[in-house]
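Examining the three-dimensional arrangement
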Amino acid sequence: MDLLDPQAWWVGVFVFLFAATVGSFLNVVIYRLPIPGKSIVRPRSACPACGALIRWYDNVPILSFLWLRARCRSCRAPISWRYPLVEALTGALAVALWWRFGLSAALGVHFAFSAALVAIAFIDYDHRIIPDEISLPGIAIGFACSFLWEGMWLESLIGLLVGGLGLFLMSWGYALLRGREGMGMGDVKLLGMLGAWLGWRSLLFIALFASLQGVLVSVVLTLAGVKLKPPLPEEWELEEEQRRAAEAAGAAPPAQGAADPEATGAGADGGQEPAVGFLGAAIPFGPFLALAAVEYLFLGPWFYGLLAGQG
Ligand SMILES: [Zn+2]
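The paragraphs below set out a description of the structure included in this document. (Residues numbered from 1 in each chain as written. Predicted model: local features only at pLDDT ≥ 70, side-chain atom pairs only at ≥ 80, totals over all residues. Heavy atoms only, no water.)

Brief notes about empty space enclosed by the protein
The following threshold applies: Only protein atoms enter the calculation, which uses a 1 Å grid: trapped sets of points that fit a 1.4 Å probe without letting it out are cavities, open sets showing protein on both sides within 12 Å along at least five of seven lines are pockets, and any residue with an atom within 4 Å of a point is a lining residue. Grid points are joined across faces, edges and corners, and a volume is the space filled by probe spheres set on the points. Only DSSP runs of H or I reaching four residues or more are called helices, and only runs of E reaching two or more are called strands; each is numbered from the N terminus. Any residue that is not Ala, Val, Leu, Ile, Met, Phe, Trp, Tyr, Cys, Pro, Asp, Glu, Lys or Arg is counted as polar, Gly included; the first ten are nonpolar and the last four charged.
Counting across every chain of the model gives 1 cavity of 30 Å³ or more. Roughly 40 Å³ of internal volume is contained in the largest cavity. Only α4 (105–127) and α5 (132–145) provide two or more residues apiece to the lining of the largest cavity. Here the residues of the lining of the largest cavity sort into 4 nonpolar, 3 polar and no charged.

In structure tokens:
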């Protein structure tokens, strides 16, 4: 790619805009996928505050956020900066991948992979879950795509087995030692997916870079006294809470003896128990696995060259 070639710039702009539109769809996935029974394609996007449908000209990636000055056109409720951030991030990722792979099948495949990782990272951050709806098809699609590259399918197969199984054993060992879950099964399936897409050789890099960055960020957050917001409750939890509150209000309190242990159990869940996160810290590990996988696309050859040079 020649930076002095104006045509290259136009291709870059097109790649960015196309990817930012995909990012706009990822926002919908991030918001709707964790809610059971909610469709990703229907209904059309609406303002969560007033329910007004979002018009097509207010749905342009990044730009709409700027010209609406981060507010809903109908009710002036603030729009989260997360939306343009995800769009810009997806756009920037695609441009970086285009720079790395050129206009090729590898660009398309790795962009689809990275887009799935963006959705996974933000959903895990919000809810502390990695949805099977992405990671399980991700394993299958990653393995299928491995046949596009010469001699890759075996690396991919070993990768998904070692990734999934390896982390499962690590997580199990940690739980055995510390008596609590270090990583969720969602992380296990995610690492299986990463192994399927990138091959088993990537797993050392991913485990190392994800752990280092995870530790670094949790140390910085701890020193800075920043507490991550607790995971968002899922809709059924909210409904359950409302139902319970309505029951408590309707029935006479002494008759609700059986509900008492349930209520204290719910309190402990929300307040004292730390959310399952990386090595018991209250930060999710999925975003770091996703980050390390994207880094591998750019730094993997350099890193393994370094290892080979020393060994
Ligand atoms: Zn509104």
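Description of the coordination of the zinc ion
What counts is decided by this rule: Note that water is not among the atoms considered, so a metal site may appear incomplete; the donors listed are N, O and S atoms within 2.8 Å of the metal, with 3.2 Å applied to Na, K and Ca. Each residue's exposure class comes from its accessible area (1.4 Å probe, protein chains only) as a fraction of the maximum for that residue type: buried when under 20%, exposed when over 50%, partly exposed otherwise.
At the metal site, the zinc ion is ligated by Cys47 (SG), Cys50 (SG), Cys72 (SG) and Cys75 (SG), and these contacts range over 2.3 Å. Binding-site remark: the zinc ion is held by donors from one chain whose sequence spacing is C-x2-C-x21-C-x2-C. Here Cys72 lies in the loop between α2 (63–67) and α3 (82–101) and Cys50 lies in the loop between α1 (6–32) and α2, a separation of 22 residues in the sequence. On the basis of relative accessibility, which here comes to 38%, the residue Cys50 falls in the partly exposed class.

Regarding the layout of surface pockets
Put simply, the second largest pocket is a space of about 880 Å³. In terms of lining residues, the second largest pocket is bounded by 36 residues, among which Ser45, Ala46, Ile54, Asn59 and Tyr83 are the most central. Within the residue set of the lining of the second largest pocket, elements represented by two or more residues are α1, α2 and α3. If one sorts the elements of the lining of the second largest pocket by residue count, α1 sits on top with 7 residues.

Here we look at α4
Heads up, the rule is: In this scheme, a helix's expected span is set at 1.5 Å multiplied by one less than its residue total.
Given a rise of 1.5 Å per residue, 23 residues ought to cover 33 Å, and the 33 Å separating the end C-alpha atoms of α4 matches this to within 8%. Along α4, 19 of the 23 residues are buried, which leaves the element largely enclosed by surrounding structure. Trailing α4 by a residue or two, Arg128 shows a phi angle of about 60°, which is positive.

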